[in-house]
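Fold and contact review
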Amino acid sequence: MADFSSVLSPREGEIHVIAAAQHIVKALGANKNLDDDLRKILSQLDGHLSAMTLLTTESRGTGFREVEEQLKYAEEKIRSWESNQFLLWDSDESDPLEASEFLKTIDEIQALIGGLRSLSVNGNGKQKDLLNRADSILQMAMSRLEKEIMHILVKHKQYFQPKNMSFRSCGMDVLYDESFVSVEDVPSEEELRRNSSGKESDEYIFDLIHPHVIPHLKSIANVMFGVSYDQEFCQAFVSVRRDALEEYLVVLKVEKFSMEDVLKMEWSSLNYEIKKWVRAMNIIIRYLASEKHLCDQILGDFGFVNPLCFVEISKGSLAHLLNFGEAIAMGTHEPEKLFRLLDMYEVVADNLLDIDALFSEEAGTAIRLDFHELLRSLGDSGRATFLKFGNAIAANVSTRPFSGGGIHPLTKYVMNYIKTLTLYCNSLNVLLKDQDAADSNPVVEPENGQGDSSITHCQMACHFRSITATLESNLDRKSKLYRDGVLQHIFLMNNFHYMAQKVKCCDLRIFIGDEWIKEHIVKYKQHAMSYERATWNSVLSLLKDDDSPRFCSASKAIRGFTIAFEEVYKNQTGWSIPDPELREDLQISTSQKVIHAYRSFMGRKSSSINEKYVRHSPDDLQNYILDLFNGSPRILQSSRKK
C-alpha cells in the first residue's frame with residue numbers, strides 16, 4: 001500500500017502493480033463458474049483497487065477531488081432511493097436491478113472508505129472530511145437496509161402449522177374428597193390422547209419465511225456484515241423473529257404469569273393452564289427447530305453470530321415456559337396434581353434431546369441447563385406427590401359408614417387413580433427407582449411364581465400392590481363402622497369385587513398380576529358366602545322339624561320364617577350391590593337356598609300348616625329376592641288374602 005508521499009508524487013511501478021492486480025481481478029470475475037460469495041469478494045476487491053488508483057495516479061488535490069465526486073454521485077443515488085416510498089425488495093413497483101444497483105453502490109462506498117483509510121496521511125483534513133462523509137452515506141444506506149430486512153421478515157412470515165393444531169383437553173382428572181369428590185368410572189380419553197400425541201416427525205421443518213425471499217436476506221446480510229454493520233442486521237433480524245415467536249405463544253393461548261400468580265392460582269384454573277403449557281412445549285420445540293433452520297440459512301456463514309441470534313430470539317419465550325414449570329414444581333403436592341406433573345415431566349423429558357441439539361453451542365448453555373434443572377424439579381415434585389398419595393390413603397378416616405354398603409368413593413378414586421398411572425409407567429419407574437427402601441410404607445413384592453412378565457416386578461408395580469394393600473386395610477376399618485355385621489360383608493364384598501374387576505379389565509392386570517386377581521376373587525366370594533350364612537342360616541333354621549305337635553309347630557315355623565324374611569327384605573332392599581352381575585349372582589344363590597328350603601318345608605308340612613299363616617308363595621319369595629340390594633328400602637305387603 002502506498003503511503004501519503006506517493007499521492008504527491010506517485011511512482012510508475014505502483015501504478016503498474018495496481019493496474020495488473022485489477023486486470024487479474026476482472027479476469028477472474030469473468031469466470032461463469034464462480035459462486036456468489038467469491039464473485040462478491042472479487043467485486044469488492046475491484047472497487048478497492050479502483051479507489052487506490054484514484055488516490056495514487058494523480059496529485060493529492062486531484063485525487064481527492066475525484067473521490068469527492070464519486071462520493072457525491074453515490075450519495076445522490078442513496079438519497080434518491082431513500083426518498084422513494086417504494087421498497088427496493090419485494091414490492092409491486094420494485095425492480096430487481098434497482099436492488100442490485102443499491103448493493104453495488106454500497107460496495108463502491110465501502111471500497112472508497114477502505115482506500116482512504118489505507119492511506120497514512122498525518123493531519124490531512126481533507127481525507128478526514130471525506131471519510132466522515134463516506135461513513136455518513138454508508139450509515140444512511142444501512143438504515144435503509146434495516147427497514148428492508150424488517151419489511152421482508154414481516155411481510156413474508158409464514159405461520160407454523162403442525163398437524164392436530166386444535167386445542168383439546170389433555171385427559172381426565174381423578175378427584176376424591178370426603179374431604180380427599182366422588183368419581184365414576186371414566187372413559188379412556190387419556191389413553192387415546194397419549195397414544196396419538198407423539199411428534200409428527202423429528203425431522204419436521206417448516207419454512208417460517210417464504211423461501212423465495214431467503215436470497216434477498218442473505219444478500220443484505222452479506223453486505224451489512226461486510227461493512228461491519230453486523231450488529232444492526234442482527235438487531236433487526238432478532239427483533240422481528242422474537243416478536244413472531246411471542247406472537248405464536250399467544251396463538252397457542254399461553255399466558256404470561258409470574259411465579260406468585262401461579263402459586264396462588266386455584267387448581268381448576270391451574271389445571272387448564274398446565275394442559276396448555278404441555279401442548280405449547282411440544283409445539284414450540286418443533287417451531288424452534290424451524291427457527292434454527294431459518295437462522296442457519298441466513299446467518300450460517302457468520303460463525304458464532306448464528307447461534308447467538310438464535311438464542312436471543314428464543315430465550316424470552318422459553319424463560320416464560322421455564323418459569324411456569326418451576327412454579328408448578330415448587331407448589332404443594334396434592335394427589336390430584338400428579339397427572340399434570342407427570343405430563344409436564346414427560347413433555348420435558350421427551351423434548352430434552354431436541355433442546356440439547358438446538359442449543360448445543362456455548363451461547364445456549366444456560367437454556368440447556370435450565371431445562372435439565374426443570375426436569376429434575378418436576379421429577380422430584382412428581383415423586384413426592386406420588387408418595388403423598390399413598391400416605392393419604394392410609395390417613396383417610398371416615399366417621400360414618402358408607403350408605404347401603406356400596407362401593408366407597410375412596411375405592412373408586414384409588415383404583416381409577418392407579419389405572420391412569422399405568423400410562424406413565426416408564427416415567428414413574430425412573431422416578432421411583434432410587435426411592436429409599438426404608439420408607440414407612442415399604443413396597444409389596446409379588447409372591448414367588450407370580451407375574452406374567454417382568455413388569456409385575458418393576459418399581460411401579462410393587463408400589464401399586466402396596467397401595468391396594470393400604471386401601472384394603474382402610475376399607476376393613478371402614479367396614480367396622482356398620483353396626484350390622486352382615487352389612488360389613490356386603491361392603492367388603494362390593495369393594496373387593498370392584499378392585500378385582502378393575503385390575504382384571506385394564507392394564508393394571510399386567511402390573512399387579514393374575515395371582516393378585518385370583519386372591520381377591522376368593523376374598524369377595526368369601527364375603528358373599530359369609531353374608532349368606534349370617535343372613536339366611538338363622539332364617540332357614542326356622543323351617544326345621546321339631547317334636548312339637550305337628551299342626552302348631554309347622555304353622556309357627558311358617559309364621560316365624562315369614563316375619564324373619566320380611567325383616568330381611570325391609571333391611572336389605574335398601575342395601576346396594578352396584579355391579580349388576582354380582583348382584584344377580586348373589587340373588588340367584590340366595591334364591592336357590594331359600595326357595596328350595598321353603599318349597600321343601602311347604603311340601604312336607606302342607607297338611608299341618610294353618611292357611612292363615614301362609615302369606616307368601618315360593619314364586620312370591622323368588623320375586624322378592626330380586627328386590628334385594630337395589631338401594632331402595634321397601635316394606636313387604638302380603639300377597640295373599642287372609
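Position labels on residues start from 1 in each chain and follow its written sequence. Note on the predicted model: pLDDT of at least 70 is required for a residue's local features to be given, and 80 or more for side-chain atom pairs to be given and counted; whole-chain, interface and lining totals, by contrast, use all residues. Values shown for side chains rest on all heavy atoms present in the structure; no hydrogens or waters enter the calculation.

If you check an unreviewed UniProt entry, the protein chain appears there as Exocyst subunit Exo70 family protein from Castanea mollissima. UniProt positions are given in the numbering used here, feature names are shortened, and annotations may be inferred rather than shown by experiment. Under the UniProt heading Sequence similarities (unreviewed entry), the entry covering the protein chain gives this text: "Belongs to the EXO70 family." Taken directly from UniProt, the Function (unreviewed entry) text for the protein chain runs: "Component of the exocyst complex."

1. Examining the packing of helix 15 (residues 409-421) against helix 17 (residues 459-479)
To obtain an axis, a line is fitted to C-alpha atoms, over the contacting stretch when the element is a helix, and the angle between two such axes runs from 0 to 180 degrees between their N-to-C directions. Comment: elements are numbered from the N terminus, with helices defined as DSSP H or I runs of at least four residues and strands as E runs of at least two. It is the contact of helix 15 with helix 17, at a shortest axis distance of 11 Å, that shows an interaxial angle of 175°. Comparing their axes, helix 17 and helix 15 come out roughly antiparallel. Taken together, the residues of helix 17 that come into contact with helix 15 (itself represented by Leu410, Thr411, Val414, Met415, Ile418 and Leu421) are Met460, Phe464, Ile467, Thr468, Leu471, Asn474, Leu475 and Lys478. Convention used here: angles under 35 degrees read as roughly parallel, angles over 145 as roughly antiparallel, angles from 65 to 115 as roughly perpendicular, and any remaining angle as oblique. A contact between two residues is defined here by any heavy atoms of the two lying within 4.5 Å.

2. So, the side chain of Asn351
With respect to the element layout, Asn351 can be found in helix 13 (residues 338-358). Partly exposed describes any residue whose relative accessible area lies between the buried limit of under 20% and the exposed limit of over 50%, with all areas from a 1.4 Å probe on protein chains only and scaled to the type maximum. Among the residues examined, Asn351 registers a relative accessible area of 0% and is labelled buried. Here a polar contact is recorded for every N or O atom pair within 3.5 Å, except that within protein the pair must consist of a potential hydrogen donor and a potential acceptor, and residues adjacent in sequence are included only if both atoms are side-chain atoms. One polar contact links the side chain of Asn351 to the main-chain carbonyl oxygen of Val347, over a distance of 2.7 Å.

3. Quick word on the packing of aromatic side chains
When we look at a pair of aromatic rings, we describe it by the centre distance and by the angle of the planes. Aromatic pairs are defined between Phe, Tyr and Trp rings, using the six-membered ring for Trp, whenever the two ring centres lie within 6.5 Å; interplanar angles under 30 degrees are classed as stacked, those over 60 as edge-to-face, and all others as tilted. For the structure on display, the rule yields 19 aromatic pairs. Taking the centre distance of 5.0 Å and the plane angle of 25° together, the rings of Phe310 and Phe359 count as stacked. Separated by 49 residues along the polypeptide, Phe310 in helix 12 (residues 305-330) and Phe359 in the loop between helix 13 and helix 14 (365-395) bring together distant segments of the chain. Put simply, the rings of Trp536, Phe561, Phe565, Tyr569, Tyr598 and Tyr624 pair up and form one aromatic cluster.

4. A look at the nonpolar core
For soluble globular proteins, the rule of thumb is that nonpolar side chains tend to be buried together. Among the nonpolar cores identified, the biggest contains 167 residues, and Ile106, Met142, Phe233, Trp277, Phe371, Leu421 and Phe464 are the most heavily contacted of them. The biggest single contributor to this core is helix 11 (residues 267-299), with 16 residues. Among all residues touching Met142, those that are not within four sequence positions of it are Ile106, Val223, Met224, Val227 and Tyr229. Residues grouped as a nonpolar core are buried Ala, Val, Leu, Ile, Met, Phe, Trp, Tyr and Cys residues, joined through side-chain atoms within 4.5 Å.

5. Quick look at the environment of Ser398
Relative to the helices and strands, Ser398 resides in the loop between helix 14 and helix 15. Look at Ser398 and you get buried, because its relative accessible area is 10%. In this structure the C-alpha to C-alpha distance between Ser398 and Leu481, which are 83 residues apart in sequence, comes to 8.5 Å. Within the structure, Ser398 has its side chain in polar contact with the side chain of Lys478 (distance 2.7 Å).

6. Side note on helix 13
Here the expected length of a helix is defined as 1.5 Å per residue gap, with one fewer gap than residues. The end-to-end C-alpha distance of helix 13 is 29 Å, a good match for the 30 Å that 21 residues give at a rise of 1.5 Å each. Of all the bends in helix 13, the largest measures some 45° and sits at Leu352. We define the bend at each residue as the angle formed by axes fitted to the 7 residues ending at it and the 7 residues starting at it.

7. Let's talk about the environment of Arg599
Checked against the element boundaries, Arg599 lands in helix 22 (residues 580-605). Judged by relative accessible area, which is 41%, Arg599 ranks as partly exposed. Expressed as a C-alpha distance, the spacing of Arg599 and Pro618, which sit 19 residues apart in the sequence, is 6.3 Å. Discounting chain neighbours no more than four positions away, the residues touching Arg599 are Pro618, Asp619 and Gln622.

8. Side note on helix 9 (residues 230-251)
The terminal C-alpha atoms of helix 9, which comprises 22 residues, lie 31 Å apart, in line with the 32 Å expected from a rise of 1.5 Å per residue. Just downstream of helix 9 lies Lys253, where phi reads positive at about 65°.

9. Describing the side chain of Arg241
Of note, Arg241 is situated in helix 9. Within the structure, Arg241 has its side chain in polar contact with the side chain of Glu291 (distance 2.9 Å). If we skip the residues at most four places from it in the chain, Arg241 touches Leu153, Lys157, Leu208, Ile209, Tyr287, Glu291, Leu294 and Ile313.

10. A few points about the environment of Ala357
In this fold, Ala357 is placed in helix 13. Sequence spacing of Ala357 and Ala289 is 68 residues, and the spatial spacing of their C-alpha atoms is 9.4 Å.

11. Overview of the confidence of the model for the protein chain
Across the protein chain, the average pLDDT comes to 80, with 73% of residues at or above 70. A residue's pLDDT is the confidence the predictor assigns to it, expressed on a 0 to 100 scale. In this model residues 178-184 is a low-confidence stretch, pLDDT under 50, and it forms 19 contacts with partners more than four residues away in sequence or in other chains.

12. Quick look at the packing of helix 13 against helix 16 (residues 425-432)
What describes two packed helices is the angle between their axes and the distance between those same axes. Running from N to C, helix 13 and helix 16 point in directions that differ by 90°, and their axes come no closer than 10 Å. Judged on the interaxial angle alone, helix 16 and helix 13 are roughly perpendicular. Across the interface between the two elements, Leu342, Tyr345 and Glu346 from helix 13 touch Ser427, Leu428, Val430 and Leu431 from helix 16. Of the residues assigned to the contact of helix 13 with helix 16, the class counts are 5 nonpolar, 1 polar and 1 charged. Note that Gly is not counted as nonpolar here; it falls among the polar residues with everything else outside the nonpolar set of Ala, Val, Leu, Ile, Met, Phe, Trp, Tyr, Cys and Pro and the charged set of Asp, Glu, Lys and Arg.

13. Some details on the pattern of salt bridges
What counts as a salt bridge is simple: a side-chain nitrogen of Lys or Arg found within 4 Å of a carboxyl oxygen of Asp or Glu. Summed over the entire model, instances satisfying the criterion amount to 21 salt bridges. Between Glu312 and Lys315 there is a salt bridge, with the nearest N and O atoms lying 3.0 Å from each other. Placement of both Glu312 and Lys315 in helix 12 is noted, with a separation of 3 residues, approximately one turn of the helix. Since its relative accessible area comes to 40%, Lys315 is described here as partly exposed. The partner of Glu532 in a salt bridge is Lys593, with the nearest N and O atoms 3.0 Å apart.

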